[in-house]
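What follows is each chain in one-letter form.
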Amino acid sequence: MPLLTPLRFSWRRLPAAGVPVKNLGLRTVASGASSPSGASPKAFNIFDRDLKRKQKNWAARQPEPMKFDYLKEEVGSRIADRVYDIARDFHLALDVGCGRGYIAEHLNKVSLLRCRKLLESCSRQTLQKMLCLHWVNDLPRALEQIHYVLKPDGVFIGAMFGGDTLFELRCSLQLAETEREGGFSPHVSPFTAVNDLGHLLGRAGFNTLTVDTDEIQVNYPGMFELMEDLQGMGESNCAWNRKALLHRDTMLAAAAVYQEMYRNEDGSVPATYQIYYMIGWKYHDSQAKPAERGSATVSFGELGKINDLMSQGKKSQ
């Protein structure tokens, strides 16, 4: 069963006071690295990568880009918690899709190399990737590249948006567009299903897999403030099948539907971000291996008698 841990935030704009000047410089976001052999033969071209690069660069050029970082900062701290949960010392890590260092600020025991592309073939002990895989067209190939750069017995810890992300916004837009225009187009990008994620990690070569689901709920004054923040994050839709524009009446109707269906008692509206966290290890001979089939000495049917067996053992001592 997936682990659901709801977290509520109140939407607010914080000033950028106290932020080091070096963190406020313009940043150019590079696209994902392509493999020498190119994309997978069956890869789908779902997202316009050039448009996504423009959206990210536009967001980075805004006067106060850090006021939209609240979601990435929270996910970065949760990934760092998962790093510390592993009873191992990692001396070198690679942060892919690091942004402003949302994971690095919580790590003080590893030497963290930040980059946005898998440019080097040198191996790393641990690799973190946060909230950028959902825009990758060839996700299987990207996971294979991540597996390739890890050392044997290295670990990959990643996070990406899940299929229930922004379901409130998606439903409101669909209902409003159907009522006003007689049909609807996808306005929220498609996401990977959690059932497929473990299969993709295994296919890429990872073992000892762990995939869990988390939910972060953020409250906004209304739908338009939510959409403004998504644009400020650089997370606007870039799917090829997106609709170029929405009519004003449809937008107003969607905002009204959002308020009517999902509003909180204080008048704000929630937006749910579903996050998939994944952990996978690169194989090494020293790793624990499953016992051979048929080597068990106790059957599951005897588990109900475990208390009696323990009490008998104590009496015999």
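This paragraph deals with the environment of Pro-152. Position of Pro-152 relative to the elements: it lies in strand β5 (residues 150-161). The contacts of Pro-152, once residues within four sequence positions are left out, are Lys-282, Tyr-283 and His-284.

What follows deals with helix α5 (residues 194-204). All buried positions along α5 are accounted for by Leu-197, Leu-200, Leu-201 and Ala-204. Projected onto a plane normal to the axis of α5, the buried residues spread over an arc of 100 degrees and lie on a single side. In α5, those exposed residues whose orientation departs by more than 90 degrees from the buried face are Asn-195, His-199 and Arg-203. Buried residues along α5 sit in contact with α3 (139-149), β5, β6 (207-220) and β7 (269-281). Count one or two residues on from α5 and you reach Gly-205, which has phi positive near 110 degrees.

Counting 40 residues, the largest nonpolar core has Leu-169, Tyr-220, Leu-226, Met-233, Tyr-258, Tyr-273 and Ile-275 as the members making the most contacts within it. Counting only elements with at least two residues in this core, the list comes to α2 (70-85), β5, α4 (167-181), β6, α6 (223-233), α7 (248-262) and β7. In terms of residue count, the dominant contributor to this core is β7 (7 residues). The residues touching Tyr-273, leaving out its near neighbours within four places in the chain, are Leu-71, Phe-161, Thr-165, Leu-166, Asp-214, Glu-215, Ile-216, Val-218, Tyr-220, Leu-226, Leu-230 and Met-233. The next biggest cluster of nonpolar side chains, apart from the first, holds 14 residues, and it includes Ile-146, Phe-156, Phe-206 and Tyr-276.

Applying the stated rule across the entire model yields 4 aromatic pairs. With 6.2 Å between their ring centres and 45 degrees between their planes, Phe-161 and Tyr-273 make a pair best called tilted. Note that Phe-161 is positioned in strand β5 and Tyr-273 in strand β7, a separation of 112 residues in sequence. Taken together, the ring pairs connect Phe-167, Tyr-258 and Tyr-262 into an aromatic cluster. The ring centre of Tyr-277 lies 3.8 Å from the NZ or CZ of Arg-82, which sits over that ring.

Bringing the pattern of salt bridges into the picture now. Using the criterion set out here, one finds 9 salt bridges in the structure. For the salt bridge of Glu-235 with Lys-56, the shortest nitrogen-to-oxygen distance reads 2.9 Å. On the criterion of sequence distance, the pair formed by Glu-235 in the loop between α6 and α7 and Lys-56 in helix α1 (residues 49-60) is long-range, its members being 179 residues apart. Exposure remark for Glu-235: the relative accessible area of 11% places this residue in the buried category. Overall, the relative accessible area of 16% leaves Lys-56 in the buried class. Residues joined in a network through salt bridges with shared partners are Glu-74, Arg-78 and Asp-214.

Peptide bonds are trans in most cases, and residues, glycine excluded, mostly fall at negative phi. Positive phi outside glycine occurs at Leu-166, with the angle close to 60 degrees. Relative to the assigned elements, Leu-166 resides in the loop between β5 and α4. Exposure remark for Leu-166: the relative accessible area of 8% places this residue in the buried category. Even without being a glycine, Thr-208 presents a positive backbone phi close to 50 degrees. Along the chain, the position of Thr-208 falls in strand β6. Owing to a relative accessible area of 52%, Thr-208 belongs among the exposed residues under this scheme.

Criteria and thresholds
- Residues numbered from 1 in each chain as written.
- Predicted model: local features only at pLDDT ≥ 70, side-chain atom pairs only at ≥ 80, totals over all residues.
- Heavy atoms only, no water.
- Helix = DSSP H or I, 4+ residues; strand = E, 2+ residues; numbered from the N terminus.
- Contact = heavy atoms within 4.5 Å.
- Buried < 20%, exposed > 50% of the residue type's maximum accessible area, 1.4 Å probe, protein only.
- Arc of directions from axis to C-beta.
- Core = buried A, V, L, I, M, F, W, Y, C linked by side-chain atoms within 4.5 Å.
- Phe/Tyr/Trp six-rings, centres within 6.5 Å; stacked < 30°, edge-to-face > 60°.
- Lys NZ or Arg CZ within 6 Å of the ring centre and 35° of its normal.
- Salt bridge = Lys/Arg side-chain N within 4 Å of Asp/Glu carboxyl O.

None of this, on its own, says anything about what the molecule does.
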